[in-house]
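Letter by letter, the chains look like this.
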Amino acid sequence: MKQPPFPFYTIYLALLLFQNNLPAQPREEFKKLTEKIDRFLEAEQQDSFLYYSYKKADLAQRSDSLRIWAWTRCKMRRIYRKEPALAIQCLQESIALYEKGRSARTQEEWEPVLELYLRLSMALLDAGNIFKAGQSYEKTRAIAEQHRTPDFDLVEYIYKPMGNCYTRLGENEKSIAIFQKALPVVQAAQKPDVLAGLYLNIGVAYWNQNDYAAAAANYQQGLQIAGISADKRALLRNGLACNQLDEGQVTQALQNATEALRLLGPLGKAAQGEHSNALLLAAQANIRLGKYGAAQRLLTAALSEGRSAGILPRDLGKMELTQATLYRLQHKPMAALEACNRALSVVLPAFQPHTVVENPSAASFYEENTIIEALEKKAAAAVDYYAKDPDLKWLQLALECHDLAYVAETRLRNVFQYRSSKLGLQNAARNREQAAMDVTRLLYEKTNDPAYITKAFTIAERSKSALLREALQQNLAQRQSAIDDVRFVQLNGLKHNIADLEKSLLLTPQDEQVRQWQQQRDELLAELHALEKQLQNDPIVGLKTPQQESGLADFKTFPANETVLEYFVSETTMDVLVLTAGQAPVWKRFAYDAQLKQLHQQFTAYFASAAAILKDPDGYLHTAYALWQIIVPAAAQSAECLTIVPDGFLNFIPFEALVTATPGTSLRNAAYLVRRQQVRYAWSLASLQTQNALHSRASNALLGIAPLFANGERGLTTLDAGAREWAGFSTRQLLGDQATHQQLLSEVAQYRVLHFSTHAFANDPPRIELYDQALLLPDLYAMPLDADLVVLSACETGLGAEQKGEGVMSLARAFGQSGASCIISSLWRVNDQSTARLFAAFYQFLADGETTDGALQHTKLAYLNDPAIGAQQQTPYFWAGFVAVGADRTIHLDAGFWQLKIVGWLLGGGLLLGWLLWAVRRKKALQN
């Protein structure tokens, strides 16, 4: 990259920093310098322009004229009109110098300072560095909201471009909050075009998060504004067209894009960028309609106009990617590969490949989703080319593209502030990971190289629970912190405040304060994100982001008797990776076909009610046996312990209730898997590894929470068996009207074991009921846990909406995110009487020294073997619903365990020291 000329301005930089106390120079000197600066700027004589600009800035510094200094520095960027990178560097240097000096004090001084920040934001946006532009706009907004002049248009200059930055990144909730803040300002100003543009921006943000109904409503609202200009009307039509394409309304999309072209045509070059976008949308509609010739003509015109108009690199890149899609449909994979490389070169200017097999360096990546999309499409084109030329290098290229796309995706996810944005990115990545798994499988089949099994494991792991791992590692850092870092207290406080706002938004979405709540939440999330980054960059705290990839090398410490089953389920296949210590890993692939889908649907249907299995016991046993034969490969069937890392439909399967031998006995004596193997579950092996490292520091043992609802409080059914579940082991009970939200929060962090015996619901919204109110997911995400074990003795606590690429968003998972090492939860509506019996036995096994998973297995076996329990209540419905996710360890139920342990250590140390002293004295006596 070309650097600014050296000889002159470095001297004046030093003067700016060290000559603050020189006397002020006469006004005439400023005038002479300004005339020279203007003359050299017009003549484009860069060296002379910079020399006199630095001289004037130095004079302003010595005269303590921040206003003149800032305007001079702002003007300096203009010499780099044809060199945007140097213009950005110049502005960044100016802002850095300003931030080291004194702050502006008067409105006269704030005006050029604001201009410096604004110009940098605009320059970064024009260069296509969306994330850095958004950060710069955030700083600009903070200044503008306090110090702008009355004629400064906050909406046009700040809110709209800043919101658009976040939309382009995929941080849609944040951008909507920004636009909603701008909406009343624009409505009050009565500017039709500005208002229409704002509705367009809001619509794009909703479209970007796949809320097509909300997007269309905002586009239509913009179109209904009277007196808006042709270009704004065209942009709204483009928005509708884009929305309709994604909804499959291709004909309507083409009509709207055509109308946009008609409106923009008379505007000529002034609307060339918008016109090129309308051409692109029309081309995409024609591709969907199979009219490839028309699509190519439109796309060629769009690319030509886009280049001429100087549209953003990312937008030009997306045009090239549409061209790649068209080439693939026309069976031209080489042309598609070249188009993908052009797209990458647009957004990564340093990437100038000589051949299609070259890929950009991950070191050149920045926060831009076009990079991800280009690499994904390039991988698909490489696989297409492999069909023409069966050289493995094309598959290896495809796999490399997928790996690089994952790196780019991780970089983008790490700057997101909203959970919804991260989940959206995970969801979008899942199809790419499936393609990566398919390529890896093909390479494995062609080469039989076990390295590809390791790669398959890596792909399966990185496609699971990324958000959960971030939260777990934050909890681990806080728990292992050598000192009580006040920043963690601030972090927890912010989480609580955000949770309160999210609850309000969830429970009363029509409240008149919704817009205010959204803005408050956005501000708190920004503060939370900044604090998390600060902790992440502090080497003492040790808070790290999840490693980009987890490999088998990270999990070498499996117990010899343990086998891990890592699953990866797609629309058409089910991959199972069998990992056993000391043995070669095994990779099995099964078709996820109609037969397997029907089998798992039949199996789960048996747990819809207590009577379902009893109505067809033979059918259940045969179904459970058939399913076991498929989903538990032979290589795992002899292990003492199974660790299940489920995926897809397997998240809802109680493996212990599968049948491992040909049915021929009664339900009571069936060969259930629980009789043969101990089972535990993990959201991912990476998350399990972190949960294994989480150890409670709480001094108290067990807190039992049972609202009971004796009088049907809040319309809920009485649960009189609740307190029997931990009888004899609780050090503290919150029963009945004591089991309130406030009381729980005041005590929850003081206990190693938490046991909730209450009602819970998986949907609308997911919640755990307390005496006075429900605990919602936002409450749980912010709850300060220090627990080795959380028992959720309630219905459906392990169920929830499945979020592709992250897992089931259950109540159990929320407790995991809050730092619980292990969670026992339910997969269906459990029976309260059998549950009380199960957990009374479970705690006894824990007290006898069993680990969590061992205690749970023995509890289920004891229930099955108990002759006092009638056959009708010994079906798996009554005992198989509870599963343990996370660390398997011994849980000490005595209240003073840690204190006793410390006393034991002190006594033991004292005895050892006494013995040593006695030995030394005895030795001396013998020597004498």
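Residues numbered from 1 in each chain as written. Predicted model: local features only at pLDDT ≥ 70, side-chain atom pairs only at ≥ 80, totals over all residues. Heavy atoms only, no water.

A.B. asks: An account of the overall build of the chain is needed here, citing residue identities and associated values.
C.D. replies: For the chain, the count of helices and strands is 36 helices and 16 strands. For 928 residues, the compact-globule formula gives about 30 Å, and the C-alpha radius of gyration of the chain, at 32 Å, lands near that figure. Principal-axis analysis of the C-alpha atoms gives the chain an extent of 100 × 85 × 70 Å. Counting over 928 residues, the chain shows a buried share of 56%. (Helix = DSSP H or I, 4+ residues; strand = E, 2+ residues; numbered from the N terminus. Rg over C-alpha atoms; globule rule 2.2 N^0.38 Å. Buried < 20%, exposed > 50% of the residue type's maximum accessible area, 1.4 Å probe, protein only.)

A.B. asks: Just give me the short version of the packing of aromatic side chains, but keep the residues and values in it.
C.D. replies: Inspection of every chain in the model, using the stated rule, returns 22 aromatic pairs. Among the aromatic residues, those joined into a cluster by ring pairs are Phe603, Tyr606, Phe607, Tyr620, Trp828, Tyr877 and Phe878. Against the face of phenylalanine 568 rests arginine 430, its NZ or CZ located 4.0 Å from the ring centre. Over the ring of tyrosine 592 we find lysine 597, and its NZ or CZ is 5.0 Å from the ring centre. (Phe/Tyr/Trp six-rings, centres within 6.5 Å; stacked < 30°, edge-to-face > 60°. Lys NZ or Arg CZ within 6 Å of the ring centre and 35° of its normal.)

A.B. asks: Can you tell me about helix H25 (residues 594–605), naming the residues and giving the values?
C.D. replies: With 12 residues, H25 extends 16 Å between its outermost C-alpha atoms, agreeing within 8% with the 16 Å of an ideal straight helix rising 1.5 Å per residue. Listed in full, the buried residues belonging to H25 are Leu596, Leu599, His600 and Phe603. Buried residues in H25, looked at end-on, bunch into an arc of 90°, giving them a common side. As for H25, its buried residues are in contact with strand S2 (573–580), strand S3 (586–591) and helix H27 (617–631). (Expected span 1.5 Å × (residues − 1). Arc of directions from axis to C-beta. Contact = heavy atoms within 4.5 Å.)

A.B. asks: So what about the environment of aspartate 853? Which residues, and what values?
C.D. replies: Its place among the elements puts aspartate 853 in helix H34 (residues 852–865). When its relative accessible area of 2% is taken as the criterion, aspartate 853 is described as buried. In sequence terms aspartate 853 and alanine 887 are 34 residues apart; their C-alpha atoms lie 8.8 Å from each other. Excluding residues that lie within four positions of it along the chain, aspartate 853 makes contacts with Gln678, Val679, Arg680, Ala884 and Asp888.

A.B. asks: Could you give an account of the nonpolar core, with specific residues and numbers?
C.D. replies: Core analysis: the largest hydrophobic core is formed by 138 residues, its most contacted members being Trp69, Ile158 and Ile371. At 11 residues, the largest contribution of residues to this core is made by helix H19 (residues 392–413). Counting residues in each nonpolar core, the second largest holds 111 residues, with Val569, Tyr843, Leu856 and Tyr877 among its members. (Core = buried A, V, L, I, M, F, W, Y, C linked by side-chain atoms within 4.5 Å.)

A.B. asks: Tell me about the pattern of salt bridges, residues and numbers included.
C.D. replies: With the rule as written, the count across this model stands at 46 salt bridges. Residue lysine 455 pairs with aspartate 403 through a salt bridge whose shortest N-O separation is 2.9 Å. Taken together, the residues span a long stretch of sequence, with lysine 455 in helix H21 (residues 451–462) and aspartate 403 in helix H19 at a distance of 52 residues. Given a relative accessible area of 17%, lysine 455 falls into the buried group. Note on aspartate 403: relative accessible area 17%, which makes it buried. Here arginine 441 ties to glutamate 445 by a salt bridge, and the two come within 3.1 Å at their closest N and O atoms. Within this pair, arginine 441 and its partner glutamate 445 are both found in helix H20 (residues 419–447), separated by four residues, close to a single helical turn. (Salt bridge = Lys/Arg side-chain N within 4 Å of Asp/Glu carboxyl O.)

A.B. asks: Lay out the sheet that holds strand S9 (residues 760–761) in plain terms, naming residues and giving numbers.
C.D. replies: Reading across from one edge, S9-S10-S11 is the order of the three strands in this open sheet, with antiparallel pairing throughout. Where the open sheet ends on each side, the last strands, each with one partner, are S9 and strand S11 (774–776). Note: S9 against strand S10 (residues 767–769), two bridges, orientation antiparallel. In the sheet register, alanine 760 faces S10, and the bridge partner there is isoleucine 768. (Pairing = 2+ DSSP bridges.)

A.B. asks: Outline the packing of helix H5 (residues 84–100) against helix H6 (residues 107–126), supporting the account with residue identities and numerical values.
C.D. replies: Contact geometry of H5 with H6 gives a least axis separation of 9 Å together with a crossing angle of 145°. In the crossing of H5 with H6, the sense of the turn from one axis to the other is left-handed. Contact residues: H5 offers Ile88, Leu91, Gln92, Ser94, Ile95, Tyr98 and Glu99, while H6 offers Trp110, Val113, Leu116, Tyr117, Arg119, Leu120, Ala123 and Leu124. Of the residues that constitute the contact of H5 with H6, the class distribution is 11 nonpolar, two polar and two charged. (Axes fitted to C-alpha atoms, helices over the stretch in contact; angles between N-to-C directions. Left-handed = near helix turned anticlockwise from the far one by under 90°. Nonpolar A, V, L, I, M, F, W, Y, C, P; charged D, E, K, R; others polar.)

A.B. asks: Kindly report on the packing of helix H4 (residues 66–76) against H5, identifying the contributing residues and their values.
C.D. replies: For the pair H4 and H5, interaxial distance at closest approach is 8 Å and the crossing angle is 160°. Overall, the two elements H4 and H5 adopt an arrangement that is roughly antiparallel. Where H4 crosses over H5, the handedness of that crossing is right-handed. Each of Leu66, Trp69, Arg73 and Met76 in H4 lies in contact with H5, whose residues at this interface are Cys90, Glu93, Ser94, Leu97 and Tyr98. Of the residues contributing to the contact of H4 with H5, the split by class is six nonpolar, one polar and two charged. (Parallel < 35°, antiparallel > 145°, perpendicular 65-115°, else oblique.)

A.B. asks: Residues and numbers for the side chain of glutamate 566, please.
C.D. replies: As for its position among the elements, glutamate 566 is in strand S1 (residues 562–569). Here the side chain of glutamate 566 touches lysine 464 through a polar contact of 2.9 Å, side chain to side chain. Excluding residues within four positions of it along the chain, glutamate 566 makes contact with Phe457, Ala460, Glu461, Lys464, Asp575, Val576, Leu577, Val645 and Leu685. (Polar contact = N/O pair within 3.5 Å; in protein donor to acceptor, adjacent residues only side chain to side chain.)

A.B. asks: Can you explain the environment of serine 94? Please cite residues and give values.
C.D. replies: Position of serine 94 relative to the elements: it lies in helix H5. It is 48 Å that separates the C-alpha atoms of serine 94 and leucine 254, two residues lying 160 residues apart in sequence. When residues no more than four places from it in sequence are discounted, the contact partners of serine 94 are Trp69, Arg73 and Leu116.

A.B. asks: I'd like a description of unusual backbone geometry, backed by residues and values.
C.D. replies: Residue proline 765 is reached from aspartate 764 by a cis peptide bond, and omega for that bond is -20°. One can find proline 765 in the loop between S9 and S10. Even without being glycine, glutamate 44 reaches a positive phi, approximately 55°. Considering the arrangement of structural elements, one finds glutamate 44 in the loop between helix H2 (27–42) and helix H3 (46–62). For asparagine 210, which is not a glycine, the phi torsion comes out positive at approximately 65°. Along the polypeptide, asparagine 210 turns up in the loop between helix H10 (192–208) and helix H11 (212–223). Classification of asparagine 210 as exposed rests on a relative accessible area of 51%.

A.B. asks: Quick rundown of the pairing of S3? Include the residues and the values.
C.D. replies: Within a regular strand, the side chains alternate between the two sheet faces. Of the strand pairs in this sheet, S2 and S3 are connected by six bridges, and their pairing is antiparallel. Its bridge partner being in S3, valine 576 is matched across the sheet by lysine 588. Where S2 folds back onto S3 in an antiparallel hairpin, the turn is made up of five residues, including glycine 582, whose phi is positive at roughly 80°.

A.B. asks: Provide a residue-level description of the pairing of strand S6 (residues 700–706), including the pertinent values.
C.D. replies: Most of S6 is tucked away, with six of its seven residues classed as buried. Taken together, the five bridges between S6 and strand S8 (residues 751–757) define a ladder with parallel strand orientation. In the strand pairing of S8, leucine 703 is matched with leucine 754. Pairing between S6 and strand S7 (residues 732–735): four bridges, direction parallel. By the bridge assignment, alanine 706 is partnered in S7 with leucine 735.

A.B. asks: Explain the confidence of the model for the chain residue by residue, including any values.
C.D. replies: For the chain, the mean per-residue pLDDT works out to 88, and 91% of the residues sit at or above 70. Within the model, the stretch residues 1–25 combines pLDDT values under 50 with 43 contacts to residues more than four positions away or in other chains. Low confidence marks residues 895–915, where pLDDT is under 50. Its contacts with residues over four positions away, or in another chain, come to 13 contacts. (pLDDT = per-residue confidence, 0-100.)

A.B. asks: Just give me the short version of the state of the cysteines, but keep the residues and values in it.
C.D. replies: Scanning all chains against the criterion turns up zero disulfides. There is no disulfide at cysteine 340, and the cysteine sulfur nearest it, in cysteine 401, is 8.1 Å away. Here cysteine 795 is not disulfide-linked; the sulfur of cysteine 822 is the nearest cysteine sulfur, at 20 Å. (Disulfide = S-S within 2.5 Å.)

A.B. asks: An account of the environment of glycine 854 is requested, with residue identities and associated values reported.
C.D. replies: When you line up the elements, glycine 854 lands in helix H34. A relative accessible area of 1% places glycine 854 in the buried class. Considering only alpha carbons, one finds glycine 854 and lysine 56, 798 residues apart in sequence, at a separation of 78 Å.

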